[in-house]
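# Structural overview
Listed below are the residues making up each chain.
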Number of protein chains: 2
Amino acid sequence: MVRNDEAWLDDVHWDDKGLVPAIAQEIGTGRVLMVAWMDRAALKRTVELGEAVYWSRSRQRLWHKGEASGHVQKVEAVRLDCDGDVVLLAVQQVGGIACHTGRADCFFRVLKDGCWCEDAPVLKDPSEIYGSL
Amino acid sequence: MVRNDEAWLDDVHWDDKGLVPAIAQEIGTGRVLMVAWMDRAALKRTVELGEAVYWSRSRQRLWHKGEASGHVQKVEAVRLDCDGDVVLLAVQQVGGIACHTGRADCFFRVLKDGCWCEDAPVLKDPSEIYGSL
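Residues numbered from 1 in each chain as written. Chains lettered and ligands numbered in written order. Predicted model: local features only at pLDDT ≥ 70, side-chain atom pairs only at ≥ 80, totals over all residues.

## A look at the relation of the copies chain B and chain A
To keep things clear, this is the line we draw: Only residues with pLDDT of at least 70 in both copies contribute their C-alpha atoms to the least-squares superposition of the copies. A pair of residues counts as a contact when their C-beta atoms, built from backbone coordinates, are within 7 Å of each other.
With an RMSD of 0.0 Å, the operation that places chain B on chain A is a rotation of 180° combined with a shift of 0.0 Å along the axis. The symmetry that links the two subunits is that of a two-fold axis. When each C-alpha of chain B is compared by its distance to the rotation axis, Gly30(B) comes out closest, at 2.6 Å. Same-surface contact between copies: 100% of interface residues of chain B are shared with the interface of chain A.

## Details of the sheet that holds strand 2 (residues 32–38) of chain A
Operational definition: Here, strands pair whenever DSSP counts at least two bridges between them. Every helix listed is a DSSP run of H or I at least four residues long, and every strand listed is a run of E at least two residues long, numbered separately from the N terminus. Lines are fitted to the C-alpha atoms to define the axes, a helix being fitted only along its stretch in contact, and any angle between axes, read from their N-to-C directions, falls within 0 to 180 degrees.
The 6 strands lie next to each other as 2(A)-1(A)-6(A)-5(A)-7(B)-8(B), forming an open sheet whose pairing is mixed. Looking at the sheet topology across the chains shown, the edges are occupied by strand 2 of chain A together with strand 8 (115–118) of chain B. Put simply, the sheet's adjacent strands are angled 35° from each other on average, direction ignored. Across 4 bridges, strand 7 (residues 109–112) of chain B lies against strand 8 of chain B in antiparallel orientation. Directly across from Val110(B), in strand 8 of chain B, lies its bridge partner Cys117(B).

## Structural notes on the sheet that holds strand 5 (residues 73–80) of chain B
Strand order in the open sheet formed by 6 strands is 8(A)-7(A)-5(B)-6(B)-1(B)-2(B), with mixed pairing between adjacent strands. Looking at strand neighbours, the two that pair on one side only are strand 8 (115–118) of chain A together with strand 2 (32–38) of chain B, the edges of this open sheet. With direction set aside, neighbouring strand axes in the sheet form an average angle of 35°.

## Considering the interface of chain B and chain A
Selection criterion: Polar here means any residue outside two lists: the nonpolar Ala, Val, Leu, Ile, Met, Phe, Trp, Tyr, Cys and Pro, and the charged Asp, Glu, Lys and Arg; Gly therefore counts as polar.
Each partner contributes to the interface: chain B provides 30 residues, whereas chain A provides 30 residues. At the level of secondary structure, the elements contributing two or more residues to the side of chain B that touches chain A comprise strand 1 (20–26), strand 2, strand 5, strand 7 and strand 8 of chain B. A total of 4 residues in the side of chain B that touches chain A trace back to one element, the largest contributor, which is strand 5 of chain B. Of the residues assigned to the side of chain B that touches chain A, the class counts are 20 nonpolar, 5 polar and 5 charged.

## Considerations on helix 2 (residues 40–49) of chain B
All names here are of chain B. To keep things clear, this is the line we draw: Residues are called buried when their C-beta atom has 20 or more other C-beta atoms within 10 Å, exposed when it has 12 or fewer, and partly exposed otherwise; all C-beta atoms are positioned from the backbone. Starting at the helix axis, one direction is taken to each C-beta atom, and the arc is that of these directions.
If you check which residues of helix 2 are buried, you get Ala42, Leu43 and Thr46. Each buried residue of helix 2 sits inside an arc of 95° when the element is viewed along its axis, so together they form one side. Tucked into the core, helix 2 has its buried residues touching helix 1 (7–10), strand 2, strand 3 (53–56), strand 4 (61–64), strand 5 and strand 6 (87–93). Downstream of helix 2 by a residue or two, Gly50 has a phi angle that is positive, lying close to 75°.

Set out below in structure tokens:
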């Protein structure tokens, strides 16, 4: 009997576009850094590499997080929710910056009195992270 | 000049189905409890009520989390990510059980040697939570 090495990928309930949301949560702080999307190849590659690889919907290609910035995410655990349609990664965020705006995480806007207020500092100017585009 | 009281809802980038994923994160532990979906009415109602209200895709209606189980989520903060397409809730989980399986959270499966292994206990039998269906 041939064992299907990708059976664990079949357990994921990919949506009608073949994607699932993947949450990156920082080990230690518990901080939710970001949410991106994964297709089957991205999740497989993430596990092989031990670093987060997402599916970029805007660029329509695999996106090895940190490929341009160096801010890779070392993945120490991959979790799946009860419905099988959300992935949760436990990561170490290299460089301490997950957001393309230069902030530690992407959730720097909090609702207050009917407005989204920014409450987290830019740690590094994006032009320094990505260079002149 | 008439102020648009729902401008903050316009800042959310609803997907082609009018939804965004919403993460419920437990205050104190930092535990990611669950991910569900919100439409505009669900997010508005969540803020009005101070308790998490989602859009149930399976039932195609607003779902006040805990309406059957009593396990409501008291919402203390609502965050939006940089792209405006994911919501992060800081919640107190009443009853200490977020998952319909009777576990503390929905992410009780971790990838190990090519298998999803359950590593969190059922705290209460679902039949006790929801009664006989």
